[in-house]
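Remarks on the overall topology
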Amino acid sequence: MAGDEPVQEQQATRVLAIRHGETAWNVDTRIQGQLDIPLNETGRWQAHRLALALAEEAIDAVYSSDLLRAMETARAVSAGSGRSIVTDVGLRERGFGEFEGLTFKEIEQRWPEQSERWRKRDPSFGPLGGEALQDFYIRSIDTVTRLAHAHPGQTIAVVAHGGVMDCLYRAATRLDLQAPRSWQLGNASINRLLYTPQGFTLVGWSDTWHLEDPSLDESTDGETSAEMTGRRP
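Residues numbered from 1 in each chain as written. Predicted model: local features only at pLDDT ≥ 70, side-chain atom pairs only at ≥ 80, totals over all residues. Heavy atoms only, no water.

**Looking at the confidence of the model for the chain**
Confidence in the prediction for the chain averages 91 pLDDT; 90% of positions are at 70 or higher. Overall, residues 220–233 carries pLDDT values under 50, and its contacts beyond four positions in sequence, including any with other chains, amount to 16 contacts. (pLDDT = per-residue confidence, 0-100. Contact = heavy atoms within 4.5 Å.)

Encoded structure:
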């Protein structure tokens, strides 16, 4: 019809999905869930290197889980990009209820049947006081979709947790929730995706070059650098 405007497709949003740096409970394989555990020394070093790695990225917004380990990591990204942090509880790790604070072995010993359902990734299973896997997946993907949808043609950093990263990988590769995990979820890794209204697409996964490249040691200066450089535990 005369006067009709052509429908324009929304430009893709570039998503830098970043897992928080290491914590003492990561090292001990304790379930953190939604408990507020801070970064350890290694995690703070990782966050600093992450900031150096992203210094040249044109980041338009920084979003973070409100849990401390994610916020500490996001502060480094924020400082490098000059963008303030916007927290969103939808980016929190899965709530693990009575499992939180325990190791995998302790959970298996206390609740063998529940542990088996968890190990087999039963979508309907959630520990007492925690979230079912399918509910967590919906919550994570809906949250990142909402954030990405608000930034067509831009780049956003999303700092969250291993469980959220797992959900994003599955959404971008169209993998079932019960498919065994065969990909890395490294602390302070950079995972790159594109978002359009049709969904997420995987661009790159588990980039940790910034934790391995010695040339970044030469890029540091000032008080923060003196504290962090050469401290890789």
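**Describing the sheet that holds strand β1 (residues 13–19)**
In spatial order, the strands read β3-β2-β4-β1-β5-β6; together these 6 strands make up an open sheet with mixed pairing. At either end of the open sheet lies a strand with only one pairing partner, and these are β3 (85–87) and β6 (199–207). The average angle at which neighbouring strand axes cross in this sheet is 25°, direction not considered. Pairing of strand β5 (residues 190–196) with β6 involves 6 bridges; the strand directions are antiparallel. When the sheet's bridge partners are listed, Leu-193 is paired in β6 with Leu-202. Most of the contacts of helix α7 (residues 162–173) go to β6, to which it runs at about 125°, and overall it touches β1, β4 (155–160), β5 and β6. (Pairing = 2+ DSSP bridges. Helix = DSSP H or I, 4+ residues; strand = E, 2+ residues; numbered from the N terminus. Axes fitted to C-alpha atoms, helices over the stretch in contact; angles between N-to-C directions.)

**Here's the deal with the packing of aromatic side chains**
Applying the stated rule across the entire model yields 8 aromatic pairs. For the ring pair Tyr-169 and Trp-183, a centre distance of 4.2 Å and an interplane angle of 15° mean the geometry is stacked. Separated by 14 residues along the polypeptide, Tyr-169 in helix α7 and Trp-183 in the loop between α7 and β5 bring together distant segments of the chain. Of the two residues, Tyr-169 and Trp-183, both sit in the buried class. Relative to Phe-200, the ring of Tyr-195 has its centre 5.2 Å away and its plane inclined at 55°; by these criteria the two rings are tilted. Assigned by exposure class, Tyr-195 and Phe-200 land together as buried. (Phe/Tyr/Trp six-rings, centres within 6.5 Å; stacked < 30°, edge-to-face > 60°. Buried < 20%, exposed > 50% of the residue type's maximum accessible area, 1.4 Å probe, protein only.)

**Observations regarding the packing of helix α2 (residues 41–53) against helix α3 (residues 68–81)**
It is at 8 Å that the axes of α2 and α3 come closest, and there the two elements cross at 30°. The angle between the axes of α2 and α3 places the two elements in the roughly parallel class. Our pair here, α2 against α3, has a crossing hand that is right-handed. Across from Ala-47, Leu-50 and Ala-51 in α2, the residues of α3 making contact are Glu-72, Thr-73, Ala-76 and Val-77. (Parallel < 35°, antiparallel > 145°, perpendicular 65-115°, else oblique. Left-handed = near helix turned anticlockwise from the far one by under 90°.)

**Points about the nonpolar core**
Residues Val-15, Ile-156, Met-165, Leu-168, Leu-193 and Phe-200 are the most contacted members of the largest nonpolar core, which totals 29 residues. Looking at this core, the elements with two or more residues in it are β1, β2 (61–64), α6 (133–149), β4, α7, β5 and β6. Grouped together as the second largest cluster of nonpolar side chains are 13 residues, Ile-18, Ala-53, Leu-54 and Ala-74 included. (Core = buried A, V, L, I, M, F, W, Y, C linked by side-chain atoms within 4.5 Å.)

**Description of the pairing of β2**
Burial along β2 is two-sided: Ala-61 and Tyr-63 and Val-62 and Ser-64, pointing in opposite directions, are all buried. As judged from the 3 bridges shared by β2 and β3, these two strands associate in the parallel manner. What sits directly across from Val-62, in β3, is Ile-85.

**Notes on the pattern of salt bridges**
The full count for this structure, using the stated rule, is 11 salt bridges. A salt bridge links Arg-146 to Asp-88, with the nearest nitrogen and oxygen atoms 2.9 Å apart. Placement of the pair is Arg-146 in helix α6 and Asp-88 in the loop between β3 and α4 (104–110), with a sequence separation of 58 residues. Connected through salt bridges with shared partners, the residues Arg-121, Asp-166, Arg-170 and Arg-181 form a single ionic network. (Salt bridge = Lys/Arg side-chain N within 4 Å of Asp/Glu carboxyl O.)

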